[in-house]
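Chain by chain, the residues run as shown.
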Amino acid sequence: MNKDLKLFNELAEILLKEEKQQPVAKPIDTDKLYKTLDLSLNEHPSLDEDLKKTLLEIIKSTPKTASTSFFNQLFGGRMSKATLGDLLAVMLNNSMYTYKVAGPQVGIEKTILHNICDIIGYDKYSDGTFAPGGSMSNFMAMVMARDKHNSTVRTAGVNSKMIVYTSEVSHYSINKNAALMGIGRDQVRQVKVNAEGQMLASDLELKIKEDLANNNQPFFVNATAGTTVLGAFDNVEEISPICNTYNLWLHLDGAYGGSVIFSKKYKHLVSGIEKTDSFSINAHKMLGTPLSCSIIVVQDKKYLNQSFSNDAEYLYQTDGDDFNLGKTSLQCGRRNDALKFWTLWKSVGTTGLEKIVDKQFEIADYARDYIKAHPDYTLYSFEDSISVCFNYKAIDAKTLCTKLYESAELMVGYGSFNDTDFIRLVTINSSIDKNDISNFFKSLETFVKTKNLA
Ligand SMILES: *Cc1c(COP(=O)(O)O)cnc(C)c1O
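Computed from a prediction, not measured in an experiment: that's the story for all the values here.

## What about unusual backbone geometry?
It is generally the case that most residues other than glycine have a negative phi and that most peptide bonds are trans. For the peptide bond that leads from Leu291 to Ser292, omega is -20°, which places it in the cis range. The backbone of Asp419 sits at a positive phi, close to 65°, despite the residue not being glycine. Residue position: Asp419 is located in the loop between β11 (411-417) and β12 (420-426). We note that Asn452 has phi near 55°; this positive angle belongs to a residue other than glycine. Secondary-structure assignment places Asn452 in the segment after α15 (434-450).

## Considerations on the site of the ligand
In the region of the ligand, 15 residues are neighbours, and Gly134, Ser135, Asp253, Asn282 and Lys285 sit closest. Within the backbone of Gly134, an N or O atom sits 2.7 Å from an oxygen atom of the ligand. One nitrogen or oxygen atom from the side chain of Ser135 is found 2.8 Å from an oxygen atom belonging to the ligand. Contact with the protein chains removes 85% of the 380 Å² of surface that the ligand exposes when unbound. With three residues, the top contributor of residues to the shell around the ligand is helix α7 (residues 134-149). Here the residues of the shell around the ligand sort into three nonpolar, 10 polar and two charged.

## Some words on the nonpolar core
Membership of the largest hydrophobic core comes to 84 residues, with the highest contact counts inside it found for Ile116, Phe279, Phe341, Phe441 and Leu444. Here the element with the most residues in this core is helix α13 (residues 338-373); it accounts for 14 residues. In this view, Phe279 contacts Ile116, Ile120, Tyr122, His251, Leu252, Gly254, Gly258, Ile261, Ile273, Ile295, Ile296 and Val297; residues no more than four positions away in its chain are not counted. Core analysis: the next-biggest nonpolar cluster, separate from the first, contains 24 residues, Ala131, Phe139, Ala178 and Val298 among them.

## Side note on helix α10 (residues 201-213)
If you check α10, its first and last C-alpha atoms are 19 Å apart, about what 13 residues at 1.5 Å a residue would give, namely 18 Å. Every buried residue of α10 is listed here: Ala201, Asp203, Leu204, Lys207, Ile208 and Asp211. On an axial view of α10, the arc spanned by its buried residues comes to 160°, and they lie on one face. Projecting away from the buried face of α10 at angles above 90 degrees are the exposed residues Ser202 and Ala213. Considering only its buried residues, α10 is in contact with β3 (162-167), β4 (188-191), β5 (217-224) and α11 (236-246). Residue Asn215 follows α10 closely and has a positive phi angle near 60°.

## A short note on the layout of surface pockets
Each pocket or cavity is described by its volume, and for the largest pocket that value is around 910 Å³. For the largest pocket, the lining is made up of 30 residues, of which Leu15, Glu19, Arg78, Thr83 and Pro290 are closest to its centre. Listing elements by their share of the lining of the largest pocket, those giving two or more residues are α1 (2-21) and α4 (80-92). Of the residues forming the lining of the largest pocket, the biggest block, eight residues, is contributed by α1. When its residues are assigned to classes, the lining of the largest pocket shows 15 nonpolar, 10 polar and five charged. Three or more residues apiece are contributed to the lining of the largest pocket by two domains, here domain 1 (2-65) and domain 2 (84-343).

## Concerning the pattern of salt bridges
Within this structure, the stated rule accounts for 20 salt bridges. Put simply, Lys3 and Asp48 hold a salt bridge, and the shortest N to O gap is 3.0 Å. Highlighted residues: Lys3 in helix α1 and Asp48 in helix α3 (residues 48-61), separated in sequence by 45 residues. Between Arg368 and Asp365 there is a salt bridge, with its nearest N and O atoms 2.9 Å apart. Here Asp365 and Arg368 lie together in helix α13, a separation of three residues that amounts to about one turn. Among the residues examined, Arg368 registers a relative accessible area of 1% and is labelled buried. In the salt-bridge network here, residues are joined through shared partners; they are Asp86, Arg335, Asp337 and Lys340.

## What about the sheet that holds β4?
The strand order β2-β8-β7-β6-β5-β3-β4 describes an open sheet built from seven strands, whose pairing is mixed. For this open sheet the edge positions go to β2 (127-131) and β4, each flanked by a neighbour on one side alone. Direction aside, neighbouring strands of the sheet carry axes that sit 20° apart on average. Examined bridge by bridge, β2 and strand β8 (residues 294-298) share five bridges and lie antiparallel to one another. When the sheet's bridge partners are listed, Asp127 is paired in β8 with Val298. Helix α6 (residues 104-120) rests against β2, β7 (278-282) and β8 of the sheet, and its axis sits at about 120° to β2. Against the sheet, α7 makes contact with β2, β3, β5, β6 (249-254), β7 and β8, and its axis sits at roughly 150° relative to β5, the strand it touches most.

Conventions we followed
- Residues numbered from 1 in each chain as written.
- Predicted model: local features only at pLDDT ≥ 70, side-chain atom pairs only at ≥ 80, totals over all residues.
- Heavy atoms only, no water.
- Helix = DSSP H or I, 4+ residues; strand = E, 2+ residues; numbered from the N terminus.
- Near = heavy atom within 4 Å.
- Polar contact = N/O pair within 3.5 Å; in protein donor to acceptor, adjacent residues only side chain to side chain.
- Areas by Shrake-Rupley, 256 points an atom, 1.4 Å probe, with all protein chains shown as cover.
- Nonpolar A, V, L, I, M, F, W, Y, C, P; charged D, E, K, R; others polar.
- Core = buried A, V, L, I, M, F, W, Y, C linked by side-chain atoms within 4.5 Å.
- Buried < 20%, exposed > 50% of the residue type's maximum accessible area, 1.4 Å probe, protein only.
- Contact = heavy atoms within 4.5 Å.
- Expected span 1.5 Å × (residues − 1).
- Arc of directions from axis to C-beta.
- 1 Å grid on protein atoms, 1.4 Å probe; cavity = no way out; pocket = protein on both sides within 12 Å on 5 of 7 lines; lining within 4 Å.
- Points joined across faces, edges and corners; volume = space filled by probe spheres on them.
- Domains from an automatic or database assignment.
- Salt bridge = Lys/Arg side-chain N within 4 Å of Asp/Glu carboxyl O.
- Pairing = 2+ DSSP bridges.
- Axes fitted to C-alpha atoms, helices over the stretch in contact; angles between N-to-C directions.

Spelled out as structure tokens, the structure:
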């Protein structure tokens, strides 16, 4: 092992250098991938030096998500203390299902969950768990809501039209989950949004009434804290009373923007969060932990047990249910996603998490100011969002993003809203500062000029 740890250090240092020298890896065409790199698995072992050489080549051509040219996704950068925690978790290699096997790691997970419940104003009956990503956190919320609404579903299966409401710009996992859990995609109502991409409460209520008139069974409303394209925050204060009136489970999908709970300045964006039934947050997005680190908390922990516990004598042999986390999780064997978040939180404190969040909004403001000050740009997004959506000189967004990627200049993506395509610059990457934003715009402008794109 010591020899491989040495090799690991050597490779990691090369990666850090590469991120600076070649911040956007030159992409390999998919039809040339297997000819360019030796990815083959063979009958006989590889020599150590051959393995090292191949690993180096793979590292060089893998997209650099921690470089200062990566704006492509809702994650990026590297929080070194979080990476440290994750490396340790790999070395320790516990499985989180029982106290017997995970020991104090159970307490680490629970401490994070209880702190988040406290911060958002859930009471002592609340609890949560770590899920394998935001899509699965949403899945768990939907399953708990389904079982609360009709507890016979767990044994008899779905035998009525159970209806889900989510905005037309919410994450696709809501539709996919409806299919996975036997409710069916046709039972997901796409609620209309206003000009800023927030769910229209009036349209939500209208659709609920229609379903009730048709003898359908409304049971779940998904609100979003940070929509995937525009970064819009649905208004929980407006949506929550409607859920109370019709006795519907209210989930807040904060995979993208939920981390505003740590910021005094921005937590107003999720005002009313304490009235939700469940809330999910991805620490691997705004907080910059390594992938993946997704958390779901629930106002009343009995629903976690009701939907996810299963007796298993071969597994649960010691300690109480509060310490045997397998009773409230989606998986059986489960990797330790808590330690990386805990090492980050422990080292920077809650005020440090606040700074991480506030900085992203500050950089987004800076990017928006630049766009507003330069007439060649059109801005599509609003204040209070770290997704800065724009077009430059009316160049087709998809064409420009693809050319920037193919030329190994910048990694940035595009999106659309109300039938308009635009570039989506996300200021979530923990490695960037204002200077990198200026460089981003400069690189883009120079690229357009030299390639004669406008
Ligand atoms: C990213 C995202 C998800 C999905 O999270 P994964 O961890 O990628 O599964 C869900 N909802 C929203 C709003 C997101 O931005």
